[in-house]
Amino acid sequence: QVQLVESGGGLVQPGGSLRLSCAASRSINFYIMGWYRQAPGKQRELAATITSGGTTNYADSVKERFTISRDNAKNTVYLQMNSLKPEDTAVYYCNARLVSDARFVYWGRGAQVTVSS
């Protein structure tokens, strides 16, 4: 099992930046890591994923603004968010999915990001 703990959320003005971190309790070398988000009254949606080899995938709504990265030595995944918009307001969840068996999926408890003036 993998415990995931997000940090770095908060309140930021439109156009600002935040960096989220997700610390895992064990090695993430064999996991696809991702960030998902859920806005009030909406379903959880994918923001970005990154494979163990560093291949990234982004939702159209965050492309060119968000960057996902990982440090396998530190068992940590990051989400750098720039040019934030009010519609980016959501709870952001870290996700880990075992490459060899997609049944093994883990979630963090989430970090609130609020974009408001």
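A. Representation of the state of the cysteines. Evaluated as defined, the whole model comprises one disulfide. Through a disulfide, C22 is tied to C94; the S-S separation comes to 2.1 Å. What sets the handedness of the C22 and C94 disulfide is the S-S torsion sign, and at about -85° it is left-handed. Here C22 is found in strand β3 (residues 18–24), whereas its partner C94 is found in strand β9 (residues 90–98), with 72 residues between them in sequence. We classify C22 as buried; its relative accessible area is 1%.

B. Spatial organisation of the nonpolar core. Judged by nonpolar contacts, the single largest core of 33 residues is most densely connected at L4, M33, W35, L79, M81 and Y92. Broken down by secondary-structure element, the contributors of at least two residues to this core are β3, β4 (31–38), β5 (45–50), β7 (66–71), β8 (76–81), β9 and β11 (111–115). Here this core gets five residues from one element, more than from any other, and that element is β9.

What counts and what doesn't
- Residues numbered from 1 in each chain as written.
- Predicted model: local features only at pLDDT ≥ 70, side-chain atom pairs only at ≥ 80, totals over all residues.
- Heavy atoms only, no water.
- Disulfide = S-S within 2.5 Å.
- Helix = DSSP H or I, 4+ residues; strand = E, 2+ residues; numbered from the N terminus.
- Buried < 20%, exposed > 50% of the residue type's maximum accessible area, 1.4 Å probe, protein only.
- Core = buried A, V, L, I, M, F, W, Y, C linked by side-chain atoms within 4.5 Å.

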